[in-house]
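Per-entry structural report
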Number of protein chains: 2
Amino acid sequence: MKLSTRGRYGVRALLDLALHSCEGTVLLRDIARRQEISLPYLEHVITPLVAAGLMKTTRGPRGGVLLLKSPAEIKLSEVIGFLEGSIAPVDCVDNPDVCRRSAFCVTRDIWGEVKEAVHQVLDSITLQDLVERQREKGQTGTGMYYI
Amino acid sequence: MKLSTRGRYGVRALLDLALHSCEGTVLLRDIARRQEISLPYLEHVITPLVAAGLMKTTRGPRGGVLLLKSPAEIKLSEVIGFLEGSIAPVDCVDNPDVCRRSAFCVTRDIWGEVKEAVHQVLDSITLQDLVERQREKGQTGTGMYYI
DNA sequence: TACTAAAATGATTATTTTAGTCAACAATTC
DNA sequence: GAATTGTTGACTAAAATAATCATTTTAGTA
């Protein structure tokens, strides 16, 4: 039941981007530095988010990453979906055909309930919520006043 | 966010055992056959459940597995805990020290909420609930009337 | 145009985890 | 003591993870 680095880093990168969006385009290198993620790896991590249309990238001098949607319109459930695929704890929840027991398997029902519970949490939180929470906690950790 | 086979097989084995507990001791071989899990692998899967005192095993002829606690007293949250460890989607939720960002990281708070949501589901369901649900669905799939 | 800065992409790799198998051993019953 | 059943530990193949690196493409600028 662990999240991979794609999900963890991706959400952090998106939050970092939102926190610095006032400056317009943000350098991937700066996100990588503030979030302590290696730049080459971060490039791979954000690929699905770019493909999903959440952000736009520009190459060359003055290039960088730009948020395309308003943070208030970006739900964490979508983000995790793009980064990790389905949050179902077992495949049969989404695709009953992977197991011929699906039709009468009560444990499958349980995993469906778990999926639903996780979805409800992530579906109720937007990137804007994260931004506000972070501002309440202070900008520490976004690299601004970092020791 | 996927469960490993330990969690999936372990819960199914426990449910199978509960469904056949009227017969007293149940052969691991029979559980393996009904649940379509290889016997040698199932032996490894149930090890943590035996260690946790949920079931007892007896070797030799007329041996097998016996449920030690009443199904109504066995919560899925415990079972998954024994089989998979913490259900926290990231390690820092349980152990803040693994990351120095923990104190001011709002994404960590989110993963904590996810953990809590999953826990609430699994904590509210007992093995007895699974048994009853399975009986409502019919014994199919427990190997009894299997085609 | 040439140069430089930035992201994109694809190949490669090391490590870890997963999902088992197998063989030898221990205990229990008949 | 022979057969049966579970226990344990070693081992392994395959997949996923978490990267790194080199090359390419794009965009701005001197």
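In this text, all values refer to a predicted model and were calculated from it rather than measured experimentally. (Residues numbered from 1 in each chain as written. Chains lettered and ligands numbered in written order. Predicted model: local features only at pLDDT ≥ 70, side-chain atom pairs only at ≥ 80, totals over all residues.)

**Topic: the protein's contact with DNA strand C**
Keep this limit in mind: By definition, a residue lies near a molecule or strand when the C-beta atom built from its backbone is within 6 Å of it. Here a strand is any run of E in DSSP of at least two residues, a helix any run of H or I of at least four, and the numbering for each starts at the N terminus.
Taken together, 27 residues form the shell around DNA strand C, and within it L28 and T57 of chain A together with S4, S38 and G60 of chain B come nearest. When contributions to the surface near DNA strand C are tallied by element, the ones reaching two or more residues are α2 (28-35), α3 (39-51) and β2 (64-67) of chain A together with α1 (5-19) and α3 (39-51) of chain B. With five residues, α3 of chain A is the single largest residue contributor to the surface near DNA strand C.

**What to know about the protein's contact with DNA strand D**
This is how the line gets drawn: Charged means Asp, Glu, Lys or Arg here, nonpolar means Ala, Val, Leu, Ile, Met, Phe, Trp, Tyr, Cys or Pro, and polar covers whatever is left, Gly included.
Inspection of the region around DNA strand D gives 27 residues, with S4, S38 and G60 of chain A together with T57 and R59 of chain B positioned closest. Elements with a contribution of two residues or more to the surface near DNA strand D: α1 (5-19) and α3 of chain A together with α2 (28-35), α3 and β2 (64-67) of chain B. It is α3 of chain B that contributes the most residues to the surface near DNA strand D, four residues altogether. Looking at side-chain class alone, the surface near DNA strand D contains eight nonpolar, 13 polar and six charged residues.

**Here we look at the relation of the copies chain A and chain B**
Inclusion rule: Least squares is the method for superposing the copies, and the C-alpha atoms it fits come from residues with pLDDT of at least 70 in both.
Each copy of the sequence occupies a distinct position, and chain A is placed on chain B by a rotation of 180 degrees and an axial shift of 0.0 Å, giving an RMSD of 0.1 Å. Classification of the inter-copy transformation places it as that of a two-fold axis. If distances are taken from each C-alpha of chain A to the rotation axis, the shortest is found for M1 of chain A, at 2.1 Å.

**Here's the deal with the interface of chain A and chain B**
Heads up, the rule is: Residue pairs qualify as contacts under a 7 Å threshold applied to their C-beta atoms, which are placed from the backbone.
Each partner contributes residues to the interface: chain A has 33 residues there, and chain B has 33 residues. At the level of secondary structure, the elements contributing two or more residues to the side of chain A that touches chain B comprise α1, α4 (76-84), α5 (106-123) and α6 (127-137) of chain A. Looking at the side of chain A that touches chain B element by element, the count peaks at 10 residues for α5 of chain A. Residues that form the side of chain A that touches chain B fall into these classes: 18 nonpolar, six polar and nine charged.

**Digging into the nonpolar core**
Test applied: Each nonpolar core consists of buried Ala, Val, Leu, Ile, Met, Phe, Trp, Tyr and Cys residues. Their C-beta atoms, within 7 Å, join them into a set. Exposed residues have 12 or fewer other C-beta atoms within 10 Å of their own C-beta, buried residues have 20 or more, and partly exposed residues fall in between, where C-beta atoms are placed from the backbone.
Counting 82 residues, the largest nonpolar core has L14 and L17 of chain A together with L14 and L17 of chain B as its most contacted members. Here L17 of chain A is in contact with V26, I31, M55, V65 and L67 of chain A, once residues within four sequence places are set aside.

**Things to note about the pairing of β2 of chain B**
Put simply, the rule reads: Here, a strand pair is defined by DSSP locating no fewer than two bridges between the strands.
Pairing between strand β1 (residues 55-58) of chain B and β2 of chain B: four bridges, direction antiparallel. The residue bridging T58 of chain B from the neighbouring strand is G64 of chain B, located in β2 of chain B.

**Considering the packing of α1 of chain B against helix α7 (residues 127-137) of chain B**
Each pair of packed helices can be summarised by the angle the axes make with each other and by the distance between the axes. Residues and elements named next belong to chain B. Filter applied, for reference: Note on geometry: axes are lines fitted to C-alpha atoms, helical ones only across the stretch in contact, with angles between N-to-C directions running from 0 to 180 degrees. Working rule for angles: under 35 degrees goes down as roughly parallel, over 145 as roughly antiparallel, 65 to 115 as roughly perpendicular, anything else as oblique.
The interhelical angle for the contact between α1 and α7, taken along N-to-C directions, is 70 degrees, at an axis separation of 10 Å. Between α1 and α7, the angle falls in the class roughly perpendicular. Between α1 and α7, the residues in contact are L14, L15, A18 and L19 and L127, L130, V131 and Q134, respectively.

**Quick notes on the domain arrangement of chain A**
What counts is decided by this rule: Annotation comment: domain bounds sourced from an automatic or database domain assignment.
In terms of domain boundaries, chain A breaks down into domain 1 (1-74 + 126-147) and domain 2 (88-125). Using only C-alpha atoms to locate each centre, domain 1 of chain A and domain 2 of chain A end up separated by 30 Å.

**Description of α6 of chain A**
Put simply, the test is: Arc definition: directions from the helix axis to the C-beta atoms.
Within the span of α6 of chain A, buried status applies to L127, L130 and Q134 of chain A. Within α6 of chain A, the buried residues cover an arc of 55 degrees as seen down the axis, which keeps them to one side. Those residues of α6 of chain A that are exposed and aimed more than 90 degrees away from the buried face are R135 and E136 of chain A. Tucked inside the fold, the buried residues of α6 of chain A contact α1 of chain A together with α6 (106-123) of chain B. Phi turns positive, to about 100 degrees, at G138 of chain A, one or two residues after α6 of chain A.

**A short note on the environment of A88 of chain A**
All names here are of chain A. If you trace the backbone, A88 turns up in the loop between α4 and α5. Judged by the 21 C-beta atoms lying within 10 Å of it, A88 falls in the buried class. Along the primary structure A88 and V131 are separated by 43 residues, whereas in three dimensions their C-alpha atoms are 27 Å apart. In this view, A88 contacts V93, D94, W111 and K115; residues no more than four positions away in its chain are not counted.

**Quick look at the environment of E116 of chain B**
In this fold, E116 of chain B is placed in helix α6. Residue E116 of chain B is classed as partly exposed on the basis of its C-beta count, with 15 C-beta atoms lying within 10 Å.

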